[in-house]
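This is what each chain is made of:
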Amino acid sequence: MRKDGLILHDNHAEVIARRSFIRYLYHEILSTWQSTKTSTIFNKTNDGKCCLKSGGSFHFYTSNTPCGDATIFPISQPLNQTQSKGVKRKCEQVKLNPEKKVCIHETADEIEQATTQTQSDINRTGAKCVAGENSDRHGKGINYHCVGSLRTKPGRGERTTSMSCSDKILKWNLMGWQGHLLSLLVSEPIHMKYIIVGGVADTVALKRAFYGRIFKHEKFVSLETKINLHCPLIYKTDTEFRFGKPVFNKKHLKPCGSSLSWCKIEIKSLDVAAKSGFRLGTVKKHEGLPKSSTFISRASLFQLFKDVTYVLPQCSLTEHLGSMKNNSYKFHKLLAEDYEEKWKTVKMDLLQNWISHSEDLDKF
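Since this is a predicted model, take the numbers as computed values, not measurements.

Conventions and cut-offs
- Residues numbered from 1 in each chain as written.
- Predicted model: local features only at pLDDT ≥ 70, side-chain atom pairs only at ≥ 80, totals over all residues.
- Heavy atoms only, no water.
- Axes fitted to C-alpha atoms, helices over the stretch in contact; angles between N-to-C directions.
- Helix = DSSP H or I, 4+ residues; strand = E, 2+ residues; numbered from the N terminus.
- Parallel < 35°, antiparallel > 145°, perpendicular 65-115°, else oblique.
- Left-handed = near helix turned anticlockwise from the far one by under 90°.
- Contact = heavy atoms within 4.5 Å.
- Nonpolar A, V, L, I, M, F, W, Y, C, P; charged D, E, K, R; others polar.
- Salt bridge = Lys/Arg side-chain N within 4 Å of Asp/Glu carboxyl O.
- Buried < 20%, exposed > 50% of the residue type's maximum accessible area, 1.4 Å probe, protein only.
- Phe/Tyr/Trp six-rings, centres within 6.5 Å; stacked < 30°, edge-to-face > 60°.
- Lys NZ or Arg CZ within 6 Å of the ring centre and 35° of its normal.

(A) Geometry of the packing of helix H1 (residues 13-33) against helix H9 (residues 298-311). The interhelical angle for the contact between H1 and H9, taken along N-to-C directions, is 15 degrees, at an axis separation of 9 Å. Considering their axes alone, H1 and H9 lie roughly parallel with respect to each other. Both H1 and H9 take part in a crossing whose hand is left-handed. Here Arg19, Ile22, Arg23, Tyr26, His27, Ile29, Leu30 and Trp33 of H1 lie close against H9, whose contacting residues are Arg298, Leu301, Leu304, Phe305, Asp307, Val308 and Val311. Looking at side-chain class alone, the contact of H1 with H9 contains 10 nonpolar, 1 polar and 4 charged residues.

What follows is the structure, given as structure tokens:
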């Protein structure tokens, strides 16, 4: 992992979409304070921050269930091929010899009915439970997984330390989708009104993963007013994504290592990240240069934050920034005292086993 903030460490679609959303918010805040432009979503406040205009709301759509806890839900599936053949043999035996005793079914009709029966199972995830959480039992059927545990992202090769998308969405519903730095520029956390999921999904599992599992925590009641958990409306859609896997369903198609990001801004709205985390097309000798970074990397979003502070009116935030000797990303995050304090409380009391990256990665 690089310590300069230039690459994307997590290329899952939900994370890319959220980073693009943050980029969009920065550009809207810039428009709010620039005299020649007007924001479509923000109004100015007297303390140098922005507040959302009334009547607007944000919706989050994903064409597939986010990895992690949201993908674990009961399913019913037909008896497997071996079981089905065995039942059919029993059926034939009874038809040929009605006097013969059968240990599983008493009549041929019952045996024939069994060929159409289903067995209970659970939808599986490759996301691994983090240390300290309840572990998967790996039993048969519905006993394979446990639910509600924090997990790292699935994938082949070296195990990642990045939290699953289900867990990140849970965090965003707790803390707001704007993150650390943007919380310094907006008057209150920004949340999604709706989360809409396509593909194979289960609304009970989605609600559990995105906010419901927090309710079961023994310390939540005492922290409820302080934490202010946001519970978005959750919907499942059967409308197929026009570029999704089921639409193409061709054997020669392979997953693309690149990630597309887009947001509604006037210039350079589209960006493509390579599998390496750098901007697509970056040659080896240019890796590590500012131009190799995507528009949604931490370094690029940090620069957008600085661009905003240059146009802010005189306020407590600009005074803090003017007196800072250390200009690193880490120290700017610490300025968001309310956000930082809330996140410490959440990690200490509700998400104790959350894996945080090294602070060295924030010192650029």
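(B) Examining the packing of helix H4 (residues 165-175) against helix H6 (residues 203-215) more closely. The N-to-C vectors of H4 and H6 enclose an angle of 65 degrees; their axes lie 8 Å apart at closest approach. Contacts from Ser166, Asp167, Ile169, Leu170, Asn173 and Leu174 of H4 reach H6 at Ala209, Phe210, Tyr211, Arg213 and Ile214. Across the contact of H4 with H6, the residue classes break down as 7 nonpolar, 2 polar and 2 charged.

(C) Expanded view of the pattern of salt bridges. Tallying each qualifying case throughout the model produces 16 salt bridges. With its nearest N and O atoms 3.1 Å apart, the salt bridge here joins Asp121 to Arg124. Owing to a relative accessible area of 11%, Asp121 belongs among the buried residues under this scheme. Note that Asp349 is salt-bridged to Lys219, the shortest N-O span being 3.4 Å. Here Lys219 lies in the loop between H6 and helix H7 (220-227) and Asp349 lies in helix H12 (residues 337-349), a separation of 130 residues in the sequence. A relative accessible area of 34% means that Lys219 is categorised as partly exposed. Via salt bridges that share partners, Asp10, Lys153 and Lys168 belong to a single interconnected network.

(D) Main features of the packing of aromatic side chains. What the rule picks out here adds up to 10 aromatic pairs. Ring geometry for Phe60 and Trp177: centres 5.1 Å apart, planes at 50 degrees, overall tilted. Residue Phe60 is found in strand E3 (residues 59-62), and its partner Trp177 is found in the loop between H4 and helix H5 (179-182); the two are separated by 117 residues along the sequence. Of the residues examined, Phe60 reaches a relative accessible area of 7% and is grouped as buried. Look at Trp177 and you get buried, because its relative accessible area is 0%. Each ring, one from Tyr194 and one from Tyr235, has its centre 5.9 Å from the other, and the planes form 40 degrees; the classification is tilted. Separated by 41 residues along the polypeptide, Tyr194 in strand E8 (residues 194-197) and Tyr235 in strand E9 (residues 233-236) bring together distant segments of the chain. Taken together through their ring pairs, the aromatic side chains of Phe60, Trp172 and Trp177 make up a single cluster. Above the plane of the ring of Tyr144 lies Arg124, whose end atom (NZ or CZ) is 3.9 Å from the centre. Above the plane of the ring of Trp343 lies Lys171, whose end atom (NZ or CZ) is 4.3 Å from the centre.

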